[in-house]
Protein chains: 2
Amino acid sequence: MSLLVVGSVAFDSIATPHGKVENVLGGAATYFSVSASWFAPVRVVAVVGEDFGDQEAQVFARRAIDTTGLERAAGKTFHWSGEYTGAMNEARTLETQLNVFEHFAPKVPAPYLESEYLLLGNIHPTLQLHVREQLPQARVVGLDSMNYWIKGAPEELRKVLSRVDILVINETEARMLSGEANLQRAAAAVRKMGPRILVIKRGEYGANLYTEGSVFSAPGYPLEEVKDPTGAGDTFAGGFMGYLAQTGDLSENSLRRAVIYGSVMGSFAVEEFGLGRLLRLDPAQIAARCRDFKNLTYFDA
Amino acid sequence: MSLLVVGSVAFDSIATPHGKVENVLGGAATYFSVSASWFAPVRVVAVVGEDFGDQEAQVFARRAIDTTGLERAAGKTFHWSGEYTGAMNEARTLETQLNVFEHFAPKVPAPYLESEYLLLGNIHPTLQLHVREQLPQARVVGLDSMNYWIKGAPEELRKVLSRVDILVINETEARMLSGEANLQRAAAAVRKMGPRILVIKRGEYGANLYTEGSVFSAPGYPLEEVKDPTGAGDTFAGGFMGYLAQTGDLSENSLRRAVIYGSVMGSFAVEEFGLGRLLRLDPAQIAARCRDFKNLTYFDA
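None of these values were measured; they are calculated from a predicted model.

Draft legend 1. Here's a closer look at the overall build of chain A. Across its full length, chain A holds eleven helices and 13 strands. Over its C-alpha trace chain A gives a radius of gyration of 18 Å, about what one expects of a compact globule, namely 19 Å for 301 residues. Dimensions along the principal axes, computed over C-alpha positions, put chain A at roughly 60 × 40 × 35 Å. In chain A, of all internal contacts separated by at least 6 residues, the share reaching a separation of at least 24 is 63%. Accessible surface computed for chain A: about 11800 Å², of which carbon and sulfur atoms make up 49%. The averaged location of the 35 negative side-chain charges in chain A is 5 Å from the averaged location of its 29 positive side-chain charges.

Here it is in structure tokens:
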């Protein structure tokens, strides 16, 4: 089943203890769609500037990602510049140039309106709601957000939260959104706001899935070298939603598997700078790492 | 098989967002031995002062913990005072009165010298080595330590590390001891120092077990209320070593189960202030929570 994502496409300049890159293709919608494309057909609604050339277009084309919804506007593409130090758990933003993204008004092409799976990427909640309302029949709607909107647009965020099935956020955001320091209480409070399926990303510690009466805990993958954490969360969301769109199965076990596939994809993403590793994957590598995840928590009780 | 622990017995004064208690029985050796006593016979080597009365002695007696090695010295028992705030991940020490613990010189009673399992609790590495050398035939020797000794007595610590089978530390300590920010590299470096079995405690995120060529990741238990984290790490070590002493089995699967039993016991410990919950357990509750841990990470691949 086809999966529509709305969000940002960007150029990133990134420095980590392992090196630096300038103006590489990035953005939440990019990481999400490349990751999800390993599981299901993906469509993108985003905006880029005149500096988005053939080379960048080819990245989407090679992964068979539908870019009919990729608007080309006058000006420059969104640019983010950041660095990671020490244990690299958090990026320090050095510069954000919104450029054409500043006035992004998502336009959903007519053929996309039938998409059954929808991921509302991390943009203003009012824009997320606007897109949500254009796909009233969507079978499964996921949402991403961040502290900036939790603080800056809480009412708008609550409105769109009440209209989605799935929320994927990190633990700091879950605590901020709920006002609860305890993660289980935070999860329960957030689920009451709308999303019956809640995924809380915990960086190197893995991710938790909260559904009705159930908690699933996926471990972090024990990597000996994290080169660049940029996009790991969006890549996770792509694997998670992509797997659900592939199977059309929302059972507890399928949701748990989706969290594992999200974790698998996120663990690959950080092995190289930018999209490098995600573009060089093959299905056997994905399956092998999925087995690694199984072994990582296995014990015979 | 019998399990000997050497470490601290203390009175604790603790404040958390859920309340406060004054002068309750605590200390690493206490939490460790009460926890381990649910699995195997335990012997304690520690020192207490004249304020250690019948009420405290009864705590050990009721759990059938052998206190022949509990020395009674002139003066007051070690007293620790601390508080936890917010997400309660770390204690803030308000006061430490070492009292009789300041000049603790562990004396191992003759009948204890045949102990097959030994846990060297968090005391000066020179004292740990001294005890280690008195039990040359011990089958399995575990060690705990902390940042204070890693910084303050690195050579002595290295010496005792080279003489143990198991090290149980937290992730900050693992990074400090190895000088590696990446946890997997830190684990590999620490294992080269001696302990072939390394358990890295990650607080609410669970624990990792590192053995030759294998990593096991145990999740944190999703508690809706953590009343008092004091002693959780020692309780974990007690469940872990206690299970190994009970089974005498050091296979990979048994070590993994031991990590789960450690996690089970740690998750109970924090549900109430002090030792309260650990003293009111029963084997069925322990088994049930072990199944909870299994379900927490289960997915059908």
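Draft legend 2. Fine view of unusual backbone geometry. Phi is positive for A:N23, close to 50°, though the residue is something other than glycine. As for its position among the elements, A:N23 is in strand β3 (residues 19-26). At B:N99, a residue that is not glycine, the phi angle is positive and equals roughly 50°. Relative to the assigned elements, B:N99 resides in the loop between β7 (92-97) and β8 (117-120).

Draft legend 3. The arrangement of the interface of chain B and chain A in detail. Counting from both sides, the interface comprises 34 residues of chain B and, opposite them, 34 residues of chain A. In total, about 3200 Å² of surface goes out of reach between chain B and chain A, with carbon and sulfur atoms giving 50% of it. Linking chain B with chain A are six salt bridges, by the criterion used here. The salt bridge involving A:R175 is made with B:E204; its shortest N-O contact spans 3.5 Å.

Draft legend 4. Broad picture of empty space enclosed by the protein. Here the structure, examined in full by the defined rule, presents three cavities of 30 Å³ or more. Approximately 100 Å³ is the volume attributed to the largest cavity. As for the largest cavity, its lining consists of 16 residues, and the residues nearest its centre are A:Y205, A:S217, A:P219, B:Y205 and B:P219. For the lining of the largest cavity, the secondary structure elements donating two or more residues are β12 (207-211) and β13 (214-218) of chain A together with β13 (214-218) of chain B. Each residue belonging to the lining of the largest cavity can be placed in one class, and the counts come to seven nonpolar, seven polar and two charged.

Draft legend 5. Representation of the sheet that holds strand β2 (residues 10-16) of chain A in the model. Residue and element names in this part refer to chain A. Read across the sheet, four strands follow the order β3-β2-β6-β7 without closing on themselves; strand pairing throughout is mixed. Sheet topology places β3 and β7 (92-97) at the edges, where each strand pairs with a single neighbour. Averaged over neighbouring strand pairs, the angle between their axes works out to 15° when direction is ignored. Here six bridges tie β2 to strand β6 (residues 78-83), and the two strands are oriented parallel to one another. Bridged to S13 within β6 is S81.

Cut-offs used in this document
- Residues numbered from 1 in each chain as written.
- Chains lettered and ligands numbered in written order.
- Predicted model: local features only at pLDDT ≥ 70, side-chain atom pairs only at ≥ 80, totals over all residues.
- Heavy atoms only, no water.
- Helix = DSSP H or I, 4+ residues; strand = E, 2+ residues; numbered from the N terminus.
- Rg over C-alpha atoms; globule rule 2.2 N^0.38 Å.
- Contact = heavy atoms within 4.5 Å.
- Areas by Shrake-Rupley, 256 points an atom, 1.4 Å probe, with all protein chains shown as cover.
- Lys, Arg positive; Asp, Glu negative; His and termini not counted.
- Charge placed at Lys NZ, Arg CZ, Asp CG, Glu CD.
- Buried area = accessible area lost by both parts, 1.4 Å probe.
- Salt bridge = Lys/Arg side-chain N within 4 Å of Asp/Glu carboxyl O.
- 1 Å grid on protein atoms, 1.4 Å probe; cavity = no way out; pocket = protein on both sides within 12 Å on 5 of 7 lines; lining within 4 Å.
- Points joined across faces, edges and corners; volume = space filled by probe spheres on them.
- Nonpolar A, V, L, I, M, F, W, Y, C, P; charged D, E, K, R; others polar.
- Pairing = 2+ DSSP bridges.
- Axes fitted to C-alpha atoms, helices over the stretch in contact; angles between N-to-C directions.

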